[in-house]
Amino acid sequence: FPDGRSWGLTLRYATERAPLGTAGCLRDLQNLLGGEPFVVVTGLPFLDFPLAKLVATHRQREASITVALTNGQPTHGFAEEVVLGDDGFVEQIIVPYGAAREARQRTLGVYVVSPHVFQFIGRESYLDLKEQLIPRIWRAGLPVVATRVPGVGVRLDTLASGLLGEPLVHPDVGVPPLA
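Nothing here was measured: the structure is a model prediction, and the numbers come from that model.

1. Side note on the confidence of the model for the protein
- Across the protein, the average pLDDT comes to 76, with 68% of residues at 70 or higher.
- Model confidence for the protein, summarised as mean pLDDT per element, is weakest for strand β9 (residues 168-169) at 40 and strongest for helix α3 (residues 129-139) at 91.
- Counting contacts from residues 161-176, a segment whose pLDDT is below 50, to residues more than four positions away or on other chains yields 51 contacts.

As structure tokens, this is what we get:
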């Protein structure tokens, strides 16, 4: 993806010496990221939707973290479920361990994060975004919101999902749509 200019983005890369987790890897990037919201994309998804609109929705909702959602298409493996309140705020993320399950609303592996979230990233050797950082944000009483993204995303949970290449389309499932 070189530097992202052809897409109107700025892409920067960092290499971990040891696994730090989806939130822990941000720790050393704080100075590089600056004072604006930034997008975290895990290694799982293939995406075809406008990231700039996702950031605009994040700002509009004044969120600490915005979670991009897919719908609950049947999965070929791991599927955490996002539980939302009536206002679209994330109330819980259920992360199952063990057998595959179908979820009504799942994370796509794309998050918009406000820079004030760095105060919740400690010096742990490993910090997961969904399982550790988001609960810290909730305990502080700060908003974590979810939005359904338009377009298509493919989430690669297993070898089978990668080989099958089944797109996760995003019909209306009661989640505030991307503005």
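2. Structural notes on the pairing of strand β4 (residues 81-84)
- For β4 and strand β5 (residues 90-94), the ladder comprises four bridges, and the chain directions are antiparallel. Bridged to leucine 84 within β5 is valine 90.
- Hairpin connection of β4 to β5: five residues between the antiparallel strands, including glycine 88 at a positive phi of 85°.

3. What to know about the environment of glycine 34
- Here glycine 34 shows up in the loop between α1 (30-33) and β1 (38-41).
- Placed 81 residues apart in sequence, glycine 34 and proline 115 show a C-alpha to C-alpha distance of 7.5 Å.

4. Details of α3
- Residues of α3 that are buried: Leu129, Lys130, Leu133, Ile134, Pro135 and Ile137.
- Where α3 begins, the side chain of aspartate 128 points an oxygen toward the backbone nitrogen of lysine 130, at a separation of 3.0 Å.

5. Examining helix α2 (residues 51-60)
- Every buried residue of α2 is listed here: Leu54, Val55, Thr57 and His58. For α2, the arc enclosing every buried residue in end-on projection is 160°, short of the 170-degree limit, so these residues lie on one face. Set apart from the buried face of α2 by more than 90 degrees, the exposed residues are Ala52 and Gln60.
- Following α2 by one or two positions, glutamate 62 adopts a phi angle in the positive range, close to 55°.

6. Quick notes on the pattern of salt bridges
- Throughout the structure, instances matching the rule amount to three salt bridges.
- Note that arginine 5 and aspartate 3 form a salt bridge whose closest N and O atoms lie 2.6 Å from each other.
- Judged by relative accessible area, arginine 5 falls into the exposed class, the value being 67%.
- Of the charged contacts in the structure, one is a salt bridge between arginine 136 and glutamate 124, with a shortest N-O distance of 2.3 Å. Separated by 12 residues along the polypeptide, arginine 136 in helix α3 and glutamate 124 in the loop between β6 (105-113) and α3 bring together distant segments of the chain.

7. Some points on the side chain of serine 114
- With respect to the helices, strands and loops of the structure, serine 114 is situated in the loop between β6 and α3.
- Setting aside its immediate chain neighbours within four residues, serine 114 contacts Pro37, His58, Ala63 and Ser64.

8. Considering the nonpolar core
- Judged by nonpolar contacts, the single largest core of 25 residues is most densely connected at Ile65, Val67, Val90 and Leu133.
- At four residues, the largest contribution of residues to this core is made by α3.
- In this view, valine 90 contacts Val67, Val82, Val83, Leu84, Trp138, Val144, Val145 and Ala146; residues no more than four positions away in its chain are not counted.

9. Digging into the environment of threonine 22
- Examined against the element boundaries, threonine 22 turns out to sit in the segment before α1.
- Take threonine 22: its relative accessible area is 24%, and that puts it in the partly exposed class.
- Discounting chain neighbours no more than four positions away, the residues touching threonine 22 are Val40, Thr42, Leu127, Asp128 and Leu129.
- At 2.8 Å, the side chain of threonine 22 forms a polar contact with the backbone nitrogen of leucine 129.

Quick notes on the rules
- Residues numbered from 1 in each chain as written.
- Predicted model: local features only at pLDDT ≥ 70, side-chain atom pairs only at ≥ 80, totals over all residues.
- Heavy atoms only, no water.
- pLDDT = per-residue confidence, 0-100.
- Helix = DSSP H or I, 4+ residues; strand = E, 2+ residues; numbered from the N terminus.
- Contact = heavy atoms within 4.5 Å.
- Pairing = 2+ DSSP bridges.
- Buried < 20%, exposed > 50% of the residue type's maximum accessible area, 1.4 Å probe, protein only.
- Polar contact = N/O pair within 3.5 Å; in protein donor to acceptor, adjacent residues only side chain to side chain.
- Arc of directions from axis to C-beta.
- Salt bridge = Lys/Arg side-chain N within 4 Å of Asp/Glu carboxyl O.
- Core = buried A, V, L, I, M, F, W, Y, C linked by side-chain atoms within 4.5 Å.

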